[in-house]
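Chain by chain, the residues run as shown.
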There are 2 protein chains.
Amino acid sequence: MFTLDNRLESDSAYVCDLTLCQVRLMNDKHYPWIILIPKVGGIREIYELSLSDQQQLMKESSKVSRILSEYTNADKMNVAALGNLVPQLHIHHIARFESDVAWPGPVWGVVNAEPYSQTALSDRVGALAELLSGSM
Amino acid sequence: MFTLDNRLESDSAYVCDLTLCQVRLMNDKHYPWIILIPKVGGIREIYELSLSDQQQLMKESSKVSRILSEYTNADKMNVAALGNLVPQLHIHHIARFESDVAWPGPVWGVVNAEPYSQTALSDRVGALAELLSGSM
């Protein structure tokens, strides 16, 4: 059974559900940063998903990457499944800019998360939910 | 046309070719670290691959992750497509251990790469090439 990890829940805001994954926006205004969490219990690695779920994850990951890149006019997308601290499988999709605080390094551990204002968060979540609502 | 990026070539050793990707071992004994480079020219993002190449990449990435995890008895696999410094699309597959120098953070930028001895490198490359030679 799928239950969202407490830390993922507290660090991010619900955007929408896709066929396999829940889509959440990290509440850190340093980077446009979406995480995909496959709604499958007890999975830590992508290769532990069924073959059909792996293929669906690729479809959803590419859709999210393309849409987030176009929406933010990113210089580069960073896509990563790490999970050293949070064991529940989640895949980061981070729009990167040559002007961002961590460029060209990875974003993890560089600066503390800085939450969006409530208005900015709901605006961004709404915009992304609408963009992602199109067919796969 | 596909030409391997010079920096990827100098930082890693050839292991084998899969249907879509060239498999290379990063020459850094801190971490068992494989990179997959799709043999497609001019691609920076996974979503820029054709849909069939995206599906093939998922198959090869999961195979490499599972085999590297089992071969090294890793605590966690880290799988990431970053490419902020090297634009050619390449996907990292890193076997992580609670005892490694970067745990629990990501590996990038923590310590300088430490090359394997020539014997250790060829032994590891040979072992991985044999493990990966099985059918997809």
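Residues numbered from 1 in each chain as written. Chains lettered and ligands numbered in written order. Predicted model: local features only at pLDDT ≥ 70, side-chain atom pairs only at ≥ 80, totals over all residues. Heavy atoms only, no water.

## Section: the side chain of Asn84(B)
Phase 1: Mapped onto the secondary structure, Asn84(B) falls in the loop between strand E4 (76–81) and strand E5 (91–96).
Phase 2: A polar contact of 2.8 Å, which involves the side chain of Asn84(B), links it to the side chain of Asn78(A).
Phase 3: Those residues in contact with Asn84(B) that lie beyond four places of it in its chain are Lys76(A), Asn78(A), Arg96(A), Trp103(A), Pro104(A) and Gly105(A). (Helix = DSSP H or I, 4+ residues; strand = E, 2+ residues; numbered from the N terminus. Polar contact = N/O pair within 3.5 Å; in protein donor to acceptor, adjacent residues only side chain to side chain. Contact = heavy atoms within 4.5 Å.)

## Some points on the packing of helix H2 (residues 51–72) of chain B against helix H3 (residues 118–132) of chain B
Residue and element names in this part refer to chain B.
Phase 1: The N-to-C vectors of H2 and H3 enclose an angle of 130 degrees; their axes lie 10 Å apart at closest approach. When the axis of H2 is compared with that of H3, the two are oblique. In the packing of H2 onto H3, the handedness of the crossing is right-handed. Of the residues in H3, those touching H2 at Lys 63, Val 64, Ile 67, Leu 68 and Tyr 71 are Arg 124, Ala 127, Leu 128, Leu 131 and Leu 132.
Phase 2: Looking at the contact of H2 with H3 residue by residue, the class counts come to eight nonpolar, no polar and two charged. (Axes fitted to C-alpha atoms, helices over the stretch in contact; angles between N-to-C directions. Parallel < 35°, antiparallel > 145°, perpendicular 65-115°, else oblique. Left-handed = near helix turned anticlockwise from the far one by under 90°. Nonpolar A, V, L, I, M, F, W, Y, C, P; charged D, E, K, R; others polar.)

## Thoughts on the relation of the copies chain A and chain B
Phase 1: After a rotation of 180 degrees and a shift along the axis of 0.0 Å, chain A superposes on chain B with an RMSD of 0.0 Å. Such a combination of turn and shift is consistent with a two-fold rotation axis. Looking at the rotation axis and the C-alpha trace of chain A, the residue lying nearest is Ala80(A), at 2.0 Å.
Phase 2: An overlap of 100% is found between the interface residues of chain A and their copies at the interface of chain B, pointing to a shared contact surface. (Least-squares fit on C-alpha atoms with pLDDT ≥ 70 in both.)

## Observations concerning the packing of aromatic side chains
Phase 1: In the structure shown here, the tally under the stated rule is four aromatic pairs over all chains.
Phase 2: An aromatic cluster is built from Tyr31(A), Trp33(A) and Trp108(A), whose rings are joined through pairwise contacts. (Phe/Tyr/Trp six-rings, centres within 6.5 Å; stacked < 30°, edge-to-face > 60°.)

## Side note on the environment of Met58(A)
Phase 1: Mapped onto the fold, Met58(A) is located in helix H2 (residues 51–72).
Phase 2: On the basis of relative accessible area, Met58(A) is assigned to the buried category, the value being 7%.
Phase 3: Sequence separation of Met58(A) and Leu20(A) is 38 residues, and the distance between their C-alpha atoms is 10 Å.
Phase 4: If we skip the residues at most four places from it in the chain, Met58(A) touches Ile46(B), Gln54(B), Gln55(B), Leu57(B) and Met58(B). (Buried < 20%, exposed > 50% of the residue type's maximum accessible area, 1.4 Å probe, protein only.)

## Brief notes about the sheet that holds E4(B)
Phase 1: As summarised here, the arrangement of the 10 strands in space is E1(A)-E2(A)-E3(A)-E5(A)-E4(A)-E4(B)-E5(B)-E3(B)-E2(B)-E1(B), forming an open sheet in which the pairing is antiparallel. Since the sheet does not close on itself, it has two edges, and those belong to strand E1 (12–17) of chain A together with strand E1 (12–17) of chain B, each with one partner. Neighbour to neighbour, the strand axes of the sheet diverge by 20 degrees on average, direction disregarded.
Phase 2: Pairing between strand E4 (residues 76–81) of chain A and strand E5 (residues 91–96) of chain A: five bridges, direction antiparallel. In the sheet register, Asn78(A) faces E5(A), and the bridge partner there is Ile94(A). (Pairing = 2+ DSSP bridges.)

## Focus on the packing of H2(A) against H2(B)
Phase 1: Taken N-terminus to C-terminus, the directions of H2(A) and H2(B) make an angle of 120 degrees; their axes are 9 Å apart at the nearest point. Considered as vectors, H2(A) and H2(B) are oriented oblique to each other. The way H2(A) lies across H2(B) gives a crossing that is right-handed. Residues Gln54(A), Gln55(A), Leu57(A), Met58(A), Lys59(A) and Ser62(A) of H2(A) form the contact with H2(B), whose participating residues are Gln54(B), Gln55(B), Leu57(B), Met58(B), Lys59(B) and Ser62(B).
Phase 2: For the contact of H2(A) with H2(B), the residue count by class is four nonpolar, six polar and two charged.

## Considerations on the interface of chain A and chain B
A common way to express how large an interface is: the accessible area buried when the components associate.
Phase 1: At the interface, 30 residues of chain A touch 30 residues of chain B.
Phase 2: Summing the contributions of chain A and of chain B, the shared interface buries around 2700 Å²; its carbon and sulfur component is 56%.
Phase 3: Of all residues in chain A, Tyr47(A), Met58(A) and Asn84(A) bury the most surface against chain B, accounting for 25% of the area lost on that side.
Phase 4: Remark: the boundary between chain A and chain B carries two salt bridges.
Phase 5: The salt bridge involving Glu45(A) is made with Lys76(B); its shortest N-O contact spans 3.1 Å.
Phase 6: Between the two partners, chain A and chain B, sit 23 residue pairs in polar contact (both at pLDDT 80 or more).
Phase 7: Secondary-structure elements contributing two or more residues to the side of chain A that touches chain B are H2 and E4 of chain A.
Phase 8: In terms of residue count, H2(A) provides more of the side of chain A that touches chain B than any other element does, nine residues in total.
Phase 9: Bridging between E4(A) and E4(B) involves three bridges; their strand directions are antiparallel. By the bridge assignment, Ala80(A) is partnered in E4(B) with Ala80(B). (Buried area = accessible area lost by both parts, 1.4 Å probe. Salt bridge = Lys/Arg side-chain N within 4 Å of Asp/Glu carboxyl O.)

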